[in-house]
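The chain contents come next:
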Amino acid sequence: MPELAYLNGKIMPIEEARVPIEDRGYQFADAVYEYFASYKGKLFAVKEHLDRLEKSLRALEFPPISRELLRDAVLGTFQQAGIDRAGVYLQISRGVAPRNHAFPNGAKPQIVITVRQVPDTSREYLEKGIAAITVTDIRWGRCDIKTVQLLPNVLAKQQALSAGVQDAIFVSPEGIVREGTSSNLFIAIGGRLKTHPLTPHILPGITRAVLLDICRKINVHVEEVFFDNNTMLAAEEVFITGTVTEVLSVCRIDGRTIGAGKPGPMAARLRKELEACAGAHL
Ligand code: PMP
């Protein structure tokens, strides 16, 4: 099946899509994005992703863009690619204009989409969990806006890989556990969960929101509260959540074993529930 790009209304092979060098996404990271995934040929949580995208666009004071246009672009490119397990990346920049910090007059937002096959999560990570390091959260104060300004996330991920582990967890200078480099984070203690509340310091993950709904339905108690690094290290389970990650156990952090040192029952249960929920959308 072809991996496709959409560029301002036209669909083409990814290799053929080009953006001008004065695109503000390229020069200023003046762009927002979303990442949708499909299960068995159906995109999951499209409404929730479009709602979050609209919030990001409004937060950066982009001109209004028709929701129908964006929805049709995403669904149309996805359907044309015909990939059952696809990742659909949508990026909207403020437009193309001579380099100048101020918003350009009359620039037209540039809409880019790519549709690619999503690689399966490694069996080893699902069975044994992953290891992570903590890194100081040096990101800006509006991590709730999904902008393409991801350099701290890129550097943290690379630092993790260089340290021989799979991911990094952002911890504030005061010791508050925030989230992963591309995921939200939960801890389990005594059959109850804790996750960071929705503040400008984390991204309001769609998977996080779906899991909170699931937990309400299956009577798993979740507290949206701040917790520190020591609380995380002492938890029975730590897991990260995201559109592609789904639910993934973190079994070693900064060289310390978490709980039993292997994926626990809570993560396994929620992973199953999430898959069933994605299935129910088919
Ligand atoms: N936090 C960050 C920093 C992320 O990049 C992501 C992935 N987009 C998430 C959380 C998880 O969000 P979602 O569940 O919507 O994929």
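The model shown is predicted, which means the values in this text are computed figures rather than measured ones. (Residues numbered from 1 in each chain as written. Predicted model: local features only at pLDDT ≥ 70, side-chain atom pairs only at ≥ 80, totals over all residues. Heavy atoms only, no water.)

1. A closer look at the pairing of strand β14 (residues 246-253)
Here comes step 1: Burial analysis of β14 places seven of its eight residues in the buried class, which makes it a mostly covered element.
Here comes step 2: The pairing of strand β7 (residues 130-136) with β14 spans three bridges and is classified as parallel. Along β14, the bridge assignment pairs I130 with V250.
Here comes step 3: Summarising the sheet, strand β13 (residues 237-242) and β14 pair through four bridges and their orientation is antiparallel. (Buried < 20%, exposed > 50% of the residue type's maximum accessible area, 1.4 Å probe, protein only. Helix = DSSP H or I, 4+ residues; strand = E, 2+ residues; numbered from the N terminus. Pairing = 2+ DSSP bridges.)

2. Concerning the environment of I218
Here comes step 1: Examined against the element boundaries, I218 turns out to sit in the loop between α6 (206-217) and β12 (222-224).
Here comes step 2: Excluding anything up to four places from it in sequence, I218 contacts R269, L270 and E273. (Contact = heavy atoms within 4.5 Å.)

3. Description of α6
Here comes step 1: An ideal rise of 1.5 Å per residue puts 16 Å on twelve residues; α6 measures up with 17 Å between its terminal C-alpha atoms.
Here comes step 2: Backbone geometry just downstream of α6 places N219 in the positive-phi region, at approximately 60°. (Expected span 1.5 Å × (residues − 1).)

4. Notes on the site of the ligand
Here comes step 1: Taken together, the neighbourhood of the ligand is formed by 16 residues, with K146, E179, I206, T207 and T243 sitting nearest.
Here comes step 2: Between the ligand and R52, the relevant distance is 2.9 Å, taken from an oxygen atom to a side-chain nitrogen or oxygen of the residue.
Here comes step 3: K146 is positioned with one of its side-chain polar atoms (N or O) 2.5 Å from a nitrogen atom of the ligand.
Here comes step 4: For the ligand, the accessible surface in isolation is 390 Å², of which the surrounding protein chains cover 93%.
Here comes step 5: Among the elements of the structure, α6 and β13 are those that each provide at least two residues to the shell around the ligand. (Near = heavy atom within 4 Å. Polar contact = N/O pair within 3.5 Å; in protein donor to acceptor, adjacent residues only side chain to side chain. Areas by Shrake-Rupley, 256 points an atom, 1.4 Å probe, with all protein chains shown as cover.)

5. Considering the packing of aromatic side chains
Here comes step 1: One pass over the structure, following the stated rule, counts three aromatic pairs.
Here comes step 2: Pairing Y39 with F44 gives two aromatic rings, centres 5.9 Å apart and planes at 90°, and the pair type is edge-to-face. The two residues Y39 and F44 agree in class, both being buried.
Here comes step 3: The ring of Y39 has R85 lying over it, and the distance from NZ or CZ to the ring centre is 4.6 Å.
Here comes step 4: A cation sits over an aromatic face here: R139 above F170, 4.2 Å from the ring centre. (Phe/Tyr/Trp six-rings, centres within 6.5 Å; stacked < 30°, edge-to-face > 60°. Lys NZ or Arg CZ within 6 Å of the ring centre and 35° of its normal.)

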